[in-house]
Amino acid sequence: SPQVVLNFASPAANFRPRGRKADMSESEDWQIPAGMRPQAESLGFDIDRALAAIVGVRARIPEDAFTAATLGRERGGNGIVIEPGIVLTIGYLITEADQVWITGSDGRAVAGTVIGYDQETGLGLVQALGRLELPRLAIGDLSNCSVGAPLVVAGHGGIARALRARVIAIEP
């Protein structure tokens, strides 16, 4: 059955239309072309439930933070709900953040706080400070994954931000 792969870095996360400053509690609008999206009926799992566990993560970094000059002061990407109120994301999004916002698949944004960052894996954890009421997505086991296996690459925003793909290589 296909795997779901999270795309932590949103391609539109740092895009701002001319003359408009993005608010951290809102997300940008972009879509994968319909012909490249996964077809729910061909998957061995409930794609809508899996995609509902993917959230948008936005963080604001203080101007004097060590990483502000290299990684920017406003960062955006994706995360997954792995436990009620706990979001797994890529660590650079939340490193040194003084504000974090989590946007659920229902469009509701809640504040969050950084609870951990693992230097070895580069992953970070955020605690939602409000109720997310979203399904959790279990972390899978890739030991049975093989070259050519179908997968879904996805970001926050539902099926419109999901891409049908196949595994092209496996590195140890």
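Everything numeric in this text was worked out from a predicted model, so none of it was measured.

Caption draft 1: Region of interest: the nonpolar core. In this structure, V55, V57, V81, V87, I102, V126 and L132 are the most contacted members of the largest nonpolar core, which totals 17 residues. Among the elements of the structure, β2 (54-60), α3 (91-94), β5 (99-103) and β7 (123-128) are those that each provide at least two residues to this core. Considering every element that reaches this core, the biggest residue donor is β2, with 3 residues. Setting aside chain neighbours within four positions, we find V87 in contact with V55, V57, G79, I80, V81, I102, G124, L125, V126 and L132.

Caption draft 2: Focus on the pattern of salt bridges. Under the definition given, this model contains 4 salt bridges. Of the charged contacts, one joins E74 and R60 as a salt bridge, the two residues approaching to 3.4 Å between their closest N and O atoms. Of this pair, E74 sits in strand β3 (residues 74-83) while R60 sits in strand β2, and the two are 14 residues apart along the sequence. E74 gets classed as partly exposed once you look at its relative accessible area, which sits at 21%. With its nearest N and O atoms 3.8 Å apart, the salt bridge here joins D106 to R108. What makes D106 partly exposed here is its relative accessible area of 49%.

Conventions adopted
Residues numbered from 1 in each chain as written. Predicted model: local features only at pLDDT ≥ 70, side-chain atom pairs only at ≥ 80, totals over all residues. Heavy atoms only, no water. Core = buried A, V, L, I, M, F, W, Y, C linked by side-chain atoms within 4.5 Å. Buried < 20%, exposed > 50% of the residue type's maximum accessible area, 1.4 Å probe, protein only. Helix = DSSP H or I, 4+ residues; strand = E, 2+ residues; numbered from the N terminus. Contact = heavy atoms within 4.5 Å. Salt bridge = Lys/Arg side-chain N within 4 Å of Asp/Glu carboxyl O.

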